[in-house]
Amino acid sequence: MSRQTILDIFASAEAIIAAGQHEAPILTDLKGMTVANLFYENSTRTWASFNLAAKRLGAEVLDLDIETSSIQKGESLLDTIQTLQAMACQLFVIRHSDADAVMDVAQQVNQDVSIINAGAGMLAHPTQALLDAFTIRQHKPDFSQLTIALLGDVRHSRVAKSLLAIYEKLGVGQVRLVGPEAFMPSEESLGEQLEIFHHVETGLQDVDVVVALRIQKERMAMAEIPNDGHYYREYGLSEEKLALAKPDVIVMHPAPINRGVEIASSVVDGAQSVIFEQVSNGVAIRMALMKILRGL
Ligand code: CP
């Protein structure tokens, strides 16, 4: 996605929010279209917001239940999509544990079909990055002046990978990765604007934005998973650790949240948290993305 497309999506989402269209199903932009949600991994926010975004644009929505579908009899993702394509589904929202699955099918479907990545393995979660960057811009419009810290399990997080990509495109001044060695990506995958900090005290010093990340236990071997209490003491975002950042710091989390593990409950619900603004913005951003994909 180009920088210009990102800015076009932001402008469209801003117009949707200004008109209150993200909160009420009154539009007809996607009337006559069917959007199919295929979630091969669990989801609350992404699934719900795509479902609501499509309905609020006037589309019909099909939520395929993977557990009771013929996928359990061995049907492939591509055959599943081609089957639904034959029933006139034109837009597919797909989450899959295989990092390449979504890109692979996107290259094989009909020209008039759109495929949206709703989370691909440990590789990418682009719509989460879009809504997160949009939320930052509402509070801190000049990306070039920002220092952003990603705190926690960067290595196993697809959100972190997409955040790094969008921060680079939008020209974020400085990005810090803060966490234990085992949660940091390999050196060769690091960009020039990245710095690694293993000590929270230095990593969070004077930052403008802190993004707390959940430990992705589902992508780790049992032996790699740290003890929750120990992890919280070392790396959990408490009020004391947050006080190291700038006074007007904003706190973000893509969620789901494990309160008391990677972040204190009081910080989640505190004055500097924009976590539930991220969720609200997710509907508008996904509406904007679907409109742009359909040329609207
Ligand atoms: N942030 C996010 O992807 O949440 P869900 O897994 O609930 O969709």
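This one's a predicted model, so the numbers in the text were calculated from it and none came from an experiment. (Residues numbered from 1 in each chain as written. Predicted model: local features only at pLDDT ≥ 70, side-chain atom pairs only at ≥ 80, totals over all residues. Heavy atoms only, no water.)

### What about unusual backbone geometry?
Residue Ala255 is joined to Pro256 through a cis peptide bond whose omega torsion reads 5°. Along the chain, Pro256 turns up in the loop between β9 (250–252) and α10 (265–268). One non-glycine residue with positive phi stands out, namely Ala88, at about 70°. Tracing the chain through its elements places Ala88 in the loop between α3 (77–85) and β3 (91–96). Phi at Ala255 is positive, roughly 65°, even though this residue is not glycine. Structurally, Ala255 can be placed in the loop between β9 and α10. Among the residues examined, Ala255 registers a relative accessible area of 18% and is labelled buried. (Helix = DSSP H or I, 4+ residues; strand = E, 2+ residues; numbered from the N terminus. Buried < 20%, exposed > 50% of the residue type's maximum accessible area, 1.4 Å probe, protein only.)

### Considering helix α6 (residues 158–170)
In an α-helix there are 3.6 residues to a turn, and that puts residues three or four apart on one side. Taking 1.5 Å per residue as the helical rise, α6 with its 13 residues ought to reach 18 Å, and the 19 Å between its terminal C-alpha atoms agrees with that figure. Inspection of α6 places Arg158, Val159, Ala160, Ser162, Leu163, Leu164, Ile166, Tyr167 and Leu170 among the buried residues, and these make up the whole buried set. A distance of 3.3 Å separates the backbone nitrogen of Val159 from a side-chain oxygen at the start of α6, and that oxygen is part of Ser157. Gly171, located one to two residues past α6, shows a positive phi value of around 75°. (Expected span 1.5 Å × (residues − 1). Polar contact = N/O pair within 3.5 Å; in protein donor to acceptor, adjacent residues only side chain to side chain.)

### Regarding the site of the ligand
Around the ligand, the surrounding shell consists of Asn42, Ser43, Thr44, Arg45, Thr46, Arg95, His125, Gln128, Pro254, Ala255 and Pro256. One of the side-chain N or O atoms of Ser43 is found 2.6 Å from an oxygen atom in the ligand. Contacts to the ligand include Ala255, whose backbone N or O atom sits 2.9 Å from a nitrogen atom. Using a 2 Å cut-off from the grid points, one finds that the ligand occupies the second largest pocket. Its residues placed into classes, the shell around the ligand shows three nonpolar, six polar and two charged. (Near = heavy atom within 4 Å. 1 Å grid on protein atoms, 1.4 Å probe; cavity = no way out; pocket = protein on both sides within 12 Å on 5 of 7 lines; lining within 4 Å. Sits in = over half its atoms within 2 Å of the grid points. Nonpolar A, V, L, I, M, F, W, Y, C, P; charged D, E, K, R; others polar.)

### Focus on the sheet that holds strand β7 (residues 194–197)
Read across the sheet, five strands follow the order β7-β6-β5-β8-β9 without closing on themselves; strand pairing throughout is parallel. The outermost strands of the open sheet, each flanked by one partner alone, are β7 and β9. Here the average twist between neighbouring strands, direction ignored, is 20°. Summarising the sheet, strand β8 (residues 209–213) and β9 pair through three bridges and their orientation is parallel. Note that in β9 the partner of Val211 across the bridge is Met252. Relative to β9, helix α5 (residues 126–139) is tilted by about 170°, and along the sheet it contacts β5 (147–152), β8 and β9. (Pairing = 2+ DSSP bridges. Axes fitted to C-alpha atoms, helices over the stretch in contact; angles between N-to-C directions. Contact = heavy atoms within 4.5 Å.)

### So, the pairing of strand β4 (residues 114–120)
Of all seven residues in β4, seven are buried; the element is thus mostly enclosed. Where β3 lies against β4, five bridges are found, and the strand directions are parallel. Each bridged residue has a counterpart across the sheet, and for Phe92 the counterpart in β4 is Ile115. Handedness of the β3-helix α4 (residues 101–106)-β4 crossover: right-handed. (Right-handed = clockwise from strand over helix to strand, strands pointing away.)

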